[in-house]
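# Secondary and tertiary structure notes
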Amino acid sequence: MKCFCGKEGFIKIRYPKTKYLCKEHFIEFFEKKVKKSIEKFKMLDKDEKILVPISGGKDSHAAAYILDKLGYNIELFHINLGIKGFSEESLKKVKELAEFIDKPLHIINLKDVVGKTIEDAKGKKCSICGITKRYLMNKFGYDNGFDAIVTGHNMDDELSFMLNNILNWSIRYLAKHLPVLPAHDKFLKKVKIFYEIEEYLILGYANALNLPYTTAKCKFAEKAITIKHREYLNKLEKEKPGIKYQFLYGYLKNRHLFDVEEDFKFRECQICGMTSAGRICSFCRVWRR
Ligand SMILES: [Zn+2]
Ligand SMILES: [Zn+2]
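Residues numbered from 1 in each chain as written. Chains lettered and ligands numbered in written order. Predicted model: local features only at pLDDT ≥ 70, side-chain atom pairs only at ≥ 80, totals over all residues. Heavy atoms only, no water.

## Looking at helix α8 (residues 199-208)
By the criterion of burial, α8 is predominantly enclosed, with seven of the ten residues buried. Where α8 is concerned, the buried positions are Tyr200, Leu201, Ile202, Gly204, Tyr205, Ala206 and Ala208. Where α8 is buried, its residues contact β1 (11-13), α1 (23-40), α2 (58-69), β6 (148-154) and β8 (189-194). One or two positions beyond α8, positive phi appears at Asn210, with a value near 55°. (Buried < 20%, exposed > 50% of the residue type's maximum accessible area, 1.4 Å probe, protein only. Helix = DSSP H or I, 4+ residues; strand = E, 2+ residues; numbered from the N terminus. Contact = heavy atoms within 4.5 Å.)

## Quick look at the sheet that holds strand β5 (residues 105-109)
Pairing is mixed in the open sheet, where six strands are placed in the order β5-β4-β3-β6-β8-β7. The open sheet has two edge strands with one neighbour each: β5 and β7 (180-181). Here strand β3 (residues 49-53) runs beside β6; their pairing, made up of two bridges, is parallel. Following the sheet pairing, Leu51 is matched in β6 by Ile149. (Pairing = 2+ DSSP bridges.)

## Some points on the pattern of salt bridges
A side chain of one charge can pair with a side chain of the opposite charge if their charged atoms are brought near each other. Across all of its chains, the model carries 18 salt bridges by this definition. The shortest N-O distance in the salt bridge between Lys7 and Glu24 comes to 2.9 Å. Of this pair, Lys7 sits in the segment before β1 while Glu24 sits in helix α1, placing them 17 residues apart in sequence. Given the relative accessible area of 42%, Lys7 is considered partly exposed. On the accessibility criterion, Glu24 (48% relative accessible area) is partly exposed. Salt-bridge contacts for Lys40 lead to Glu196; the nearest nitrogen and oxygen are separated by 2.8 Å. Here the residue Lys40 occupies a position in helix α1, and Glu196 occupies one in the loop between β8 and α8, the gap between them amounting to 156 residues. A relative accessible area of 48% places Lys40 in the partly exposed class. (Salt bridge = Lys/Arg side-chain N within 4 Å of Asp/Glu carboxyl O.)

## Looking at the pairing of β5
Here strand β4 (residues 73-80) runs beside β5; their pairing, made up of five bridges, is parallel. Looking across to β5, one finds that His78 is bridged to Ile107. Since β4 and β5 lie parallel, the crossover through helix α3 (residues 86-101) that links them has a hand, and here it is right-handed. (Right-handed = clockwise from strand over helix to strand, strands pointing away.)

## Structural notes on the coordination of the zinc ion (ligand 2)
On the protein side, the zinc ion (ligand 2) has Cys269 (SG), Cys272 (SG), Cys281 (SG) and Cys284 (SG) as donor atoms, found 2.3 to 2.4 Å from it. In this structure, the zinc ion (ligand 2) is surrounded by four donor atoms whose angles at the metal cover 104 to 114°, and the resulting shape is tetrahedral. Mapped onto the sequence, the donors of the zinc ion (ligand 2) take the spacing C-x2-C-x8-C-x2-C. Of this pair, Cys272 sits in the loop between β9 (267-268) and β10 (275-276) while Cys284 sits in helix α11 (residues 282-287); the two residues are twelve residues apart in sequence, bridging distant segments of the chain. Judged by relative accessible area, Cys272 falls into the partly exposed class, the value being 22%. (Donors = N, O, S within 2.8 Å, 3.2 Å for Na, K, Ca; no water. Tetrahedral: all angles 85-135°; square planar, octahedral: opposite > 155°, others 65-115°.)

## Looking at unusual backbone geometry
For the bond from Tyr15 to Pro16, the omega torsion is 0°, close enough to zero to count as cis. Mapped onto the elements, Pro16 comes out in the loop between β1 and β2 (19-21). Unusually for a residue other than glycine, Trp169 sits at a positive phi of about 45°. Checked against the element boundaries, Trp169 lands in the loop between α6 (155-167) and α7 (171-174). If you check the backbone angles, Asp185 has positive phi at about 45° while not being a glycine. Residue position: Asp185 is located in the loop between β7 and β8. Note on Asp185: relative accessible area 56%, which makes it exposed.

## Quick word on the nonpolar core
In terms of nonpolar packing, the biggest core is built from 59 residues, with Phe30, Leu44, Ile193 and Phe194 touching the most fellow members. Once residues within four sequence positions are removed from consideration, Phe30 is found in contact with Ile66, Phe194, Ile197, Leu201, Ile202 and Tyr205. Counting 29 residues, the second largest nonpolar core, distinct from the first, contains Leu81, Ile83, Cys269 and Phe283. (Core = buried A, V, L, I, M, F, W, Y, C linked by side-chain atoms within 4.5 Å.)

Below, the structure is given as structure tokens:
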């Protein structure tokens, strides 16, 4: 299985055409694809100050690496959640990546902010963790004059959440599966640069470049239903190549169907002053009540 250049194939591209690419041509292919995606969705400008939260995993590390390579002005951000074993391993890889691409790294310890860690959180840890990360990255970006936050969410993440929201008919959430969420109030612009990039390609890219990353899984994450959805979707894709792309682009064409008027107004959280849907924001409800 050889690349068009005659070298041994490093990866098999599955769609739109099956082909093998060597390491060098795959890196070129991947970077071109992401660059095109950034332009197509008008995701970012070169003069924007961009915060890239990195977790230690391949997706956010690949996002930081490629943005830097494409010439964007980025700084890195990491939240130490205090999950035993997992957080130490993540932190180690985060530091290695920052050194690898030579970019400023800002680290926040959840324990320093609220006096507790995810280990101490009562209730659904996964959802608390999500609330915590979204809040702290936005707050840090807002307080420090950043224009945008770029995350490493990939196409498989997006589709598995979309399927979940369809199964629950969560119309309000179904309106939000977009590659760019514009800034409003004290929320910064949020960009998913891998919105139309499948996970196996990002994995290939991180490996082709030998990026430092960890495959450690958080011990609290195992029961998420979206992991199941991801498996069904990939089974379907194997049987009917292109079906994931059809799902994604069909959504973009029909997204307006979910554009319902919000039945609430955003206001400032009475505890922290950040933008909130209710009197007290979800972060303060979890950690400060
Ligand atoms: Zn080649
Ligand atoms: Zn608050």
